[in-house]
Amino acid sequence: MTLPLSILELVRITEQGSAREALNNARDLAAHAERWGYHRIWVAEHHNMPGIGSAATSIVISHIAEGSNTIRVGAGGIMLPNHAPYIIAEQFGTLEQLYPGRIDLGLGRAPGTDQSTLRALRRSPGNAEHFPQDVLELQAYLAPVEPGQAMEAVPAAGTKVPLWILGSSHFGAMLAAELGLPYSFASHFAPQLLNEALELYRSRFKPSEQLDRPYAMVGVNIIAADTDEEARHLATSQQMAFTDMFRAKRGLLQPPIDDIESYWSPREKQQVMSMLARSIVGSPDTVRAGIEALVAETGADELIVVSDIYDHAKRLRSHEIIAGLV
């Protein structure tokens with residue numbers, strides 16, 4: 001099986017680590033990933049989350065891109081309701097000038113945070129209603145300057161940074177189809193509507209200047225290790241993080257534990273495992289079978305992998321194993 005394989009890098013800050021270490025680990029992962037054949041590495045905009053260090057997303061992208069040579073680097077994604085499209089055009093146009101041919105701009109409609117943080121960002125919850133218009137405005141700023149155009153995003157104009165629509169529901173799928181843009185579905189945390197959204201996207205797709213046919217990328221949690229037992233142990237860090245989310249507890253990523261059942265309640269387990277239902281956890285043989293089944297079911301054009309592991313060396317090993325299977 002030959003399939004483009006990419007990475008969603010969470011820039012996790014761990015209990016015994018620091019933000020600087022998380023940022024440098026992301027850069028280190030990108031350098032390894034391009035040698036292993038990964039196509040792209042993305043980071044996502046998250047605010048007011050002590051365990052995730054990618055809030056200043058465009059700066060993090062620059063840090064990662066500077067430490068690598070060929071792998072595409074981008075946002076998976078920028079939460080556009082938090083920003084003026086003009087500012088995002090300036091930022092990503094600048095990145096494209098610095099790292100030509102390597103920058104992606106994935107766009108999400110959710111604010112990616114809570115109401116208190118929205119107020120701190122000086123943004124209105126109603127901004128999400130303007131998402132389709134904001135995407136078009138951003139696209140226009142990245143296009144070549146038209147005669148008589150009053151507003152120019154410098155140095156973004158003409159860079160045509162490729163846009164992606166991100167989503168976990170029907171809305172993003174229909175918008176990506178209408179605009180003729182590639183679509184990435186967040187089944188690594190919201191798997192329920194995966195197949196419905198992909199079908200909507202493909203059936204309604206309209207070709208555009210950027211893309212002549214549908215292109216769907218599927219997000220998936222994969223934790224690979226030499227044995228199934230070790231992989232399940234490593235996966236408890238992510239399981240605890242999701243449990244804490246339901247508890248409204250925001251903290252740093254914790255080291256794995258031997259007995260996850262002692263950490264969560266039966267109800268919390270049900271909630272977490274529903275969100276992580278598409279996860280593939282295990283030895284190389286287990287992971288290969290899981291990937292093959294997911295691709296056969298979804299017809300994904302590309303997979304973007306989250307390997308949410310506490311120890312950086314073991315996370316590198318997980319991504320190395322995955323790369324050797326696809």
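- Going by the annotation in an unreviewed UniProt entry, the name recorded for the chain is Luciferase-like monooxygenase, with Candidatus Halomonas stercoripullorum given as the source organism.
- Regarding the chain, the relevant UniProt record gives this comment under Sequence similarities (unreviewed entry): "To bacterial alkanal monooxygenase alpha and beta chains."

### Brief notes about the side chain of S54
Part 1 of the argument: Considering the arrangement of structural elements, one finds S54 in the loop between β2 (40-43) and α2 (57-66).
Part 2 of the argument: Within the structure, S54 has its side chain in polar contact with the backbone oxygen of A44 (distance 2.5 Å).
Part 3 of the argument: Once residues lying within four places of it in the same chain are set aside, the contact partners of S54 are L10, V11, V43, A44, E45, H46 and V60.

### As for helix α6 (residues 170-179)
Part 1 of the argument: Residues of α6 that are buried: G172, A173, L175, A176, A177 and L179.
Part 2 of the argument: Looking at the packing, one finds that the buried side of α6 touches α5 (131-142), β5 (163-167), β6 (183-185) and α7 (194-204).
Part 3 of the argument: Just downstream of α6 lies G180, where phi reads positive at about 65°.

### Considerations on the environment of D104
Part 1 of the argument: Its place among the elements puts D104 in strand β4 (residues 103-108).
Part 2 of the argument: Separated by 17 residues in sequence, D104 and L121 place their C-alpha atoms 24 Å apart.
Part 3 of the argument: Not counting residues up to four positions away in its chain, the partners in contact with D104 are R40, W42, R72, V73, G74, A75, F92, V161, P162 and W164.
Part 4 of the argument: Within the structure, the side chain of D104 is placed 2.7 Å from the side chain of R40, a separation counted as a polar contact.

### Thoughts on the packing of aromatic side chains
Part 1 of the argument: Applying the stated criterion to the full structure yields six aromatic pairs.
Part 2 of the argument: Centre to centre, the rings of W164 and Y215 are 5.9 Å apart; their planes meet at 85°, and the pair counts as edge-to-face. One end of the pair, W164, is in strand β5; the other, Y215, is in the loop between α7 and β7 (216-224), and 51 residues separate them in sequence. Accessibility classification places W164 together with Y215 in one group, the buried group.
Part 3 of the argument: Joined through ring pairs, the aromatic side chains of Y183, F185, Y201 and F205 make up one cluster.
Part 4 of the argument: For the cation-ring pair, R109 lies above F171, with the distance from its terminal atom to the ring centre recorded as 3.8 Å.

### Overview of the packing of helix α3 (residues 85-98) against α5
Part 1 of the argument: Where α3 contacts α5, the two axes come as close as 9 Å, and the packing angle between them is 40°. When the axis of α3 is compared with that of α5, the two are oblique. Both α3 and α5 take part in a crossing whose hand is right-handed. Contacts from P85, Y86, I88, A89 and G93 in α3 reach D134, E137, L138, Y141 and L142 in α5.
Part 2 of the argument: Its residues assigned to classes, the contact of α3 with α5 comprises seven nonpolar, one polar and two charged.

Conventions we followed
Residues numbered from 1 in each chain as written. Predicted model: local features only at pLDDT ≥ 70, side-chain atom pairs only at ≥ 80, totals over all residues. Heavy atoms only, no water. UniProt positions renumbered as here; feature names shortened; annotations may be inferred. Helix = DSSP H or I, 4+ residues; strand = E, 2+ residues; numbered from the N terminus. Polar contact = N/O pair within 3.5 Å; in protein donor to acceptor, adjacent residues only side chain to side chain. Contact = heavy atoms within 4.5 Å. Buried < 20%, exposed > 50% of the residue type's maximum accessible area, 1.4 Å probe, protein only. Phe/Tyr/Trp six-rings, centres within 6.5 Å; stacked < 30°, edge-to-face > 60°. Lys NZ or Arg CZ within 6 Å of the ring centre and 35° of its normal. Axes fitted to C-alpha atoms, helices over the stretch in contact; angles between N-to-C directions. Parallel < 35°, antiparallel > 145°, perpendicular 65-115°, else oblique. Left-handed = near helix turned anticlockwise from the far one by under 90°. Nonpolar A, V, L, I, M, F, W, Y, C, P; charged D, E, K, R; others polar.

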